[in-house]
Structure formats: structure tokens, C-alpha cells
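Overview (structure and organization)
The residues making up each chain are set out below.
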Amino acid sequence: MASKKIVLIFPKEKIDKPIVYHLVKDYNLAFNILKASITPDQEGHMALEITGESPEIDRGIKFLKDQGVTVEPLSKDIKVNWDKCVQCGACVSICPTAALYIKDRKTMEVAFDPEKCIACELCIRPCPPRAIEVHF
Ligand code: SF4
Ligand code: SF4
């Protein structure tokens, strides 16, 4: 059994199509929606974690791509602009998965582990210099 966190980007014409349920029905995959949104230009974004046998995950992702859905690894979504970061630590206490963490207790240096990030975006607003960016 394996799991993968991915971001799906649906073009406007596919938003209301029942595509994702095929992952369960045809590929025996379980999925957990971490986040979903529709942008003003009507593109749909969905972050989800899929679980199942590795070959089925690969086949399910190929199916999504064949449907015109863009599939990207979830870790690409949130980026910290370290040039802007002032190391205040405000994001660390708010991050539910410890993706943002104190790397060094002496210097209080903040670091980011994209593998742990679930793209909940809770860290965006509390960051004073707006150093945390969402990339879809
Ligand atoms: S988006 Fe959520 S999980 Fe990711 S770093 Fe920010 S607070 Fe943590
Ligand atoms: S809240 Fe922003 S400025 Fe403060 S440590 Fe986090 S990323 Fe850096």
C-alpha cells in the first residue's frame, strides 16, 4: 500500500464532471481531499492524498491526465521566499503538520519541509512580510 499527495488542476470545462470518483470505482484507490477551490477564472484546484497499490495509483494518475486534468506533486504548492523571511517564527506555531519548524533552537532559524506540507494555507496570513507564497 502506498500513498501520494497530489494537486489536480481542472480546466473550466471539466469542473462539474464526476472524474475523481473513478479513482475509487476503477482503480480501487481511497482519497482524502485536503483542499479544494475554484479560482475567479473558473479553474478548479484540488489537493488530495490518494492511497492504494502503487501500480493502481500510477494508472489512476494517467487516467486523470487523459481526462485533461493537470496533476502535480502537492509539495510544489507552498513556497517560502527566504529573501523576504525575517525569521520571526510566527508561522511555526500555526503550522498543523510542523512543515514549518525551528531548525536551530540557538539561532531560532526557521525551515520548511515541503513533504509535510498539506497546503492548508494557515501560515500565509500570519506571516508579516508575506514571505509564504502559494503556487498553483
Ligand atoms: S500551508 Fe499549512 S501545512 Fe503547509 S506550511 Fe503552511 S501551515 Fe504548514
Ligand atoms: S512568519 Fe514569515 S517571516 Fe516569520 S518565520 Fe515564517 S516565513 Fe519567515
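Structure's up top.
The structure contained in this document is the topic of the report that follows. This is a predicted model, so every value here is computed, not measured. (Residues numbered from 1 in each chain as written. Chains lettered and ligands numbered in written order. Predicted model: local features only at pLDDT ≥ 70, side-chain atom pairs only at ≥ 80, totals over all residues. Heavy atoms only, no water.)

Description of the packing of aromatic side chains
Put simply, the rule reads: Between rings of Phe, Tyr and Trp, where Trp is taken as its six-membered ring, a pair exists when centres lie within 6.5 Å; planes separated by under 30 degrees are stacked, by over 60 edge-to-face, and by other angles tilted. Numbered from the N terminus, helices here are DSSP runs of H or I no shorter than four residues, and strands are runs of E no shorter than two. For each residue, the accessible area found with a 1.4 Å probe, counting protein chains only, is set against the maximum for its type, and the residue is called buried under 20%, exposed over 50%, and partly exposed in between.
By the definition in use, this model includes 1 aromatic pair. Each ring, one from Y27 and one from F63, has its centre 5.8 Å from the other, and the planes form 40 degrees; the classification is tilted. Highlighted residues: Y27 in helix α1 (residues 21-27) and F63 in helix α2 (residues 54-66), separated in sequence by 36 residues. Each of the two residues, Y27 as well as F63, counts as buried.

Some words on the environment of H135
Tracing the chain through its elements places H135 in the segment after β8 (132-134). Once the C-alpha coordinates of H135 and K79 are considered, the two residues, 56 residues apart in sequence, prove to be 7.2 Å apart.

A short note on unusual backbone geometry
One non-glycine residue, Q87, lies in the positive phi region at around 60 degrees. Checked against the element boundaries, Q87 lands in the loop between β5 (78-80) and α3 (90-94). Taking the relative accessible area as the measure of exposure, Q87 reaches 33% and is therefore partly exposed. A positive phi angle, near 60 degrees, is found at M108, a position not held by glycine. By the secondary structure assignment, M108 is in the loop between β6 (100-104) and β7 (109-112). Since its relative accessible area comes to 39%, M108 is described here as partly exposed.

Let's talk about the nonpolar core
This is how it is decided: Throughout this description, the term nonpolar core refers to a set of buried Ala, Val, Leu, Ile, Met, Phe, Trp, Tyr and Cys residues connected via side-chain atoms within 4.5 Å. Here a residue-residue contact requires only that any non-hydrogen atoms of the pair lie within 4.5 Å.
Counting residues in each nonpolar core, the largest one holds 22 residues, and the members touching the most others are I78, C91, L100, V110, F112, C123 and I132. If you list the elements that add at least two residues to this core, you get β1 (2-10), β5, α3, β6 and β7. Apart from the residues within four sequence positions on either side, F112 is in contact with I78, V80, W82, A99, L100, Y101 and C117. By size, the runner-up hydrophobic cluster in this structure holds 17 residues, among which are I19, V20, L23 and I57.

These values are about where atoms sit, not about what they do.
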